[in-house]
Amino acid sequence: MSDSDQHKPRRLARRSLLKMAAAGAAAGSLPFAGAQPMEGMTTPAKQAGPGHCDSAPAVYTFLNSQEVAFLEAAVATLIPADELGPGALELGAVVFIDRQLGGDYGRGDRMYLQGPFAEGTAEQGYQLRMTPAELVQAGIADVQAHTSGKYQRRFEELSAQERAAVLSGLETHQVSLPTVPGELFFGVLLELTQQGFFCDPIYGGNRGKASWKLLGFPGIGAMYADRIAPFSNQLYVSEPVSIEDLL
Amino acid sequence: MTSGPAALKPVDIVIVGLGWAGGIVAKELASTRLKIVAFERGVPRATAPDFLAPRIHDELRYNNRHELIQNLRKETLTFRNDPSQRALPMRQLGSFLPGEGVGGAGTHWSGLHWRWLEWEHKMYSGTVARYGRKIIPQDMNLQDWPVDYHELEPYYERFERLCGTSGKAGNLNGRKVDGGNVFEGPRRSEYPNPPLTPSYNMMLFEKAARDLGYHPFPVPASNASRAYINPDGVAFGPCHYCGFCTGYGCEVNAKASPHFTVIPLASKNPNFEVRARSTVLRVNLDSTGKRATGVTYVDARGRELVQPADVVILSAYVFGNVHLMLHSGIGKPYDFQNNTGVVGRNYAYQCGGGVAALFDERTYFNPFMGSGALGAWIDDFNGDHHDFAESGYIGGGGASTGSNGGAPIGHHPSPPGTPRWGSAWKKAVVDTYQRFTGVGSQGSVMSYRQCYLDLDPTYRDSFGRPLLRMTFDWQENEYRLMEKQTAVCAQIARAMGAQQVFARRGERRLHYSIAPYQTTHNTGGAVFGEDPGTSALNAHLQSWDVSNVFVLGASAFPQNAGRNPTGPVGALSYRLADTLKNNYLKHPGPLVHV
């Protein structure tokens, strides 16, 4: 699968920037990770929201700068850049989260949010009156209050070890927050970070399809009727294809 | 404003819910020349433009944000594990994913297309004949279908031909065929299409199961293994194994769905009309309460309208059917305290289980190549193919593996014990992606006195109606079944050569939770039977109390089986159409007298 020619001039202009941004990121321990050509890197800019393009700093349409600072530090801790390649921050997970929280998902468009509200059992699932956006924003404020008290610094000002300790404390119920149940906030944060890492680049995350290359996921365009038998227990390597590549 | 909702011109038949069940009946009744209106709460959808690639291959939109699934903001249900608890609303989708929109769950299903086993239609009498009544726990409401496999066989066949099901028969007219499911009831004919091409994990499963003395076979899949034209002249494209199947619409019409088969055919009938974006609020009854006069519905703009009709067919999802009956006063609501009443009785589900399996480093499962129903299965511990007395439970489960899609938001496995985040997580996910597979179980759930549906006293939907309330938990019988099935799955996974095998459920017996996805195979609540004291519907899916109301779908199943419900839903739909055409419409009135 190759990119259609009509997109090439525009893509070329972004490539040099991306090459720099992603330098050192694509080489990994897996045999196929390093084999992916950098020329295949693409960006979500074509489908991006108003004012957003890759040659400029990310423009956020929903979250404020303090929330962004927290999330940038959090996603980089949850899925860090390392010897395997870029992490969630580099792949645009915060852009993804910003757009998701500002959209239908963040507003709880498909949730039942009528009262009365009661705590319930774990088996009864989510029972807060907060939408996902409200939950994340309140959770961020809670964690900032927690780190200000404990470390006299904001979350994003903490060392990597301290950030990991805070997130681990939320995950394991060691840190309790005043507004949002800590482990619930952690769960939503982790889920959104993973979605931003693995999603189709059309949503602002997974820039350059880097996580797909890392995994060996060939993307969304392939037809395997004539390949499933010949590639039985054979490594299938292919330049990943995204939605945008086929539009 | 006037005092009441406006009444529209009467029609002959109203269908509520336009998925497989409503679609089949609508299409089959076209020959009657009767005026038919089908109501669908969701939007109209067509393969073009709604399901075209590349946009349909959007994991976030369809798998995570549930584009094709019921919107809970409008309607949901409340849930509790037992009657002593306060039920609370299902505020987010989780355990099951009911469809919404023209085509219903048929647009987003996987395509596992079963005929239920002979025993699965006769669970009570089949069990008592072999083990006596004493084996049945006191709180278990075990009962038979009022029709058997053999009566349904021609309808099962019609539904498979409609769907272009790909599979291999294991019992042709009583002759057992190696490589098919030798436990199935006798079939008059082979599947319309040969099995799909197996994935590597299926090959390992088939060999391992065979070596263990079991009888593996390809899952019957309504994902067409080749180009196919069904008896109605509808063309199916061959499956591309693209891996975007369960939860998605199919861009090549390889996955059978009512939206491109029965519904467009029904729509050729000038006497048939679809009213989409229209929610039926209730079935209206006359002053005797014995006859339906039509339905009241809300259209897209929010207008409340009355549609008079001679016959009302409820063919919504399980919850929609039961909710409408309870809210409309059709049949006596189930009373848990006294184990009396029938509407809401015998709600059941399915129990999962199974194992995850990690293979050595040079294993390449290519999980992204596959389809919704691409799988290998054994029925050796399903139905009544094991000794209930020895096993300690009634019912059974299928064990299987498959290759159903590898899109990475949903599929990035790592071995248990791996941290959930950080570089160690990332490394484990990358290391595991190609060499991890599962051997899963789909287990039956029996019906119990304390597991039921009724109306919630507190919470209301966006139309102001009380929500349906679900009371459900696993019982001892099902815990034992899950434990046995997990052991069977682990045995097969080890025989497949897995390096490490991990049970999906821990050793602890957890309560049923509404939060994580499990299966959209809910059953019961408006069951059919021979006794009006234990069933809401007679053998013809006709309300015992309101004889011009028929209720179609898995809501009619008295308990659940260890296999997917769509096959019998389709068969019952064809049978109901025949009943209406050949019998009821000629002589309206109760079809069964007791």
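Heads up: the structure comes first, above all this text.
Calculation rules
Residue numbers here run from 1 along each chain, matching the order of that chain's written sequence. Note on labels: chains are lettered from A, ligands numbered from 1, in written order. The model is predicted, so local features are restricted to residues of pLDDT at least 70 and side-chain atom pairs to those at 80 or more, both for listing and for counting; the totals for chains, interfaces and linings are taken over all residues. Values reported for side chains reflect all heavy atoms of the structure, with hydrogen atoms and water molecules removed beforehand. Strands are runs of DSSP state E lasting at least 2 residues, helices are runs of H or I lasting at least 4, and numbering of each runs from the N terminus. Taken over C-alpha atoms, the radius of gyration is set against a globule rule of 2.2 Å times the number of residues to the power 0.38. Think of it in three bands: with a 1.4 Å probe and only protein chains considered, a residue is buried below 20% of the maximum accessible area for its type, exposed above 50%, and partly exposed in between. Between two residues, a contact is recorded if the distance between any of their heavy atoms is within 4.5 Å. Accessible areas in this description were obtained via Shrake-Rupley with a 1.4 Å probe; residue shielding takes into account the shown protein chains only. In this count, Lys and Arg are taken as positive residues and Asp and Glu as negative ones, while His and the chain termini are left out. Every charge is mapped onto a representative atom, which is NZ of Lys, CZ of Arg, CG of Asp or CD of Glu. In this scheme, strands are said to pair when DSSP sees at least two bridges between them. The axes are straight lines fitted to the C-alpha atoms, using for helices just the contacting stretch, and the angles between their N-to-C directions are given from 0 to 180°. The definition of a nonpolar core used throughout is a set of buried Ala, Val, Leu, Ile, Met, Phe, Trp, Tyr and Cys residues joined through side-chain atoms within 4.5 Å. Polar contact is defined as a pair of N or O atoms within 3.5 Å, subject to the rule that within protein one atom must be able to donate a hydrogen and the other to accept it, and that residues adjacent in sequence are counted only when both atoms are side-chain atoms. Any Lys or Arg side-chain nitrogen located within 4 Å of an Asp or Glu carboxyl oxygen qualifies as a salt bridge.

Student: Go over the overall build of chain B with me, naming the residues and quoting the values.
Tutor: Along its length, chain B carries 13 helices and 22 strands. By the compact-globule yardstick of 25 Å for 594 residues, chain B fits well, its C-alpha radius of gyration being 23 Å. Across its three principal axes, chain B shows a C-alpha extent of roughly 70 × 55 × 55 Å. For chain B, the proportion of its 594 residues judged to be buried stands at 65%. Looking at chain B alone, contacts between residues at least 24 apart form 75% of all its contacts between residues at least 6 apart. When the accessible area of chain B is evaluated, it comes to approximately 20100 Å², of which 50% is carbon and sulfur surface. A gap of 4 Å separates the mean positions of the 60 positive and 52 negative side-chain charges of chain B.

Student: How would you explain unusual backbone geometry if you had to name every residue and give the values?
Tutor: Most peptide bonds take the trans configuration, and most residues that are not glycine carry a negative phi. All names here are of chain B. The amide bond that connects A48 to the next residue, P49, takes the cis arrangement and shows omega of 10 degrees. Cis geometry is found at the peptide bond from A53 to P54, where omega equals 0 degrees. Structurally, P54 can be placed in the loop between α2 (47-50) and α3 (59-64). Of note in this structure, N366 is not a glycine but carries a positive phi near 45 degrees. Along the polypeptide, N366 turns up in the loop between β15 (354-358) and β16 (375-378). Phi at L541 takes a positive value of approximately 65 degrees, unusual for a residue other than glycine. Residue placement: L541 occurs in the loop between β21 (500-503) and β22 (549-551).

Student: Give a description of the sheet that holds β16(B) that names residues and reports values.
Tutor: Residues and elements named next belong to chain B. Reading across the sheet, the six strands line up as β8-β16-β17-β18-β15-β21 and stay open at both edges, with antiparallel pairing between neighbours. A single partner strand is all that each edge strand has here, and the edge strands are β8 (217-218) and β21. Inspection of the sheet shows β15 paired to strand β18 (residues 436-443) by five bridges, in the antiparallel sense. Residue pairing in the sheet places V355 in a bridge with V439 of β18. Relative to β15, helix α12 (residues 476-495) is tilted by about 25 degrees, and along the sheet it contacts β15, β16, β17 (397-402), β18 and β21.

Student: Before we move on, could you go through the nonpolar core and cite the residues and values that matter?
Tutor: With 233 residues, the main nonpolar core has F185(A), I313(B) and M470(B) as its most contacted residues. With residues up to four places along the chain from it excluded, the contact list for M470(B) reads L77(B), T78(B), F79(B), R80(B), F96(B), F319(B), Y347(B), Y452(B), L453(B), Y512(B) and I514(B).

Student: Tell me about the environment of T261(B), and name the residues and values.
Tutor: All names here are of chain B. Looking at where T261 falls in the secondary structure, it is placed in the loop between β10 (235-236) and α8 (262-267). Exposure remark for T261: the relative accessible area of 0% places this residue in the buried category. T261 sits 29 residues away from D232 along the chain, and the two C-alpha atoms are 8.2 Å apart. When residues no more than four places from it in sequence are discounted, the contact partners of T261 are W20, L162, N230, V234 and F236. In terms of polar contacts, T261 uses its side chain to reach the backbone carbonyl oxygen of S257, at 2.8 Å.

Student: Before we move on, can you summarise the pattern of salt bridges with the specific residues and values?
Tutor: Residue and element names in this part refer to chain B. Under the counting rule described, the total for this entry stands at 41 salt bridges over all chains. Salt-bridge contacts for R465 lead to E75; the nearest nitrogen and oxygen are separated by 3.4 Å. Placement of R465 in the loop between β19 (452-460) and β20 (466-471) and of E75 in the loop between α3 and β4 (77-80) is noted, with a sequence separation of 390 residues between them. This pair shows no difference in class: R465 is buried, exactly as E75 is. E273 serves as the salt-bridge partner of R275, at 2.8 Å between the closest nitrogen and oxygen. In this structure R275 comes out as buried when scored by relative accessible area, which is 16%.

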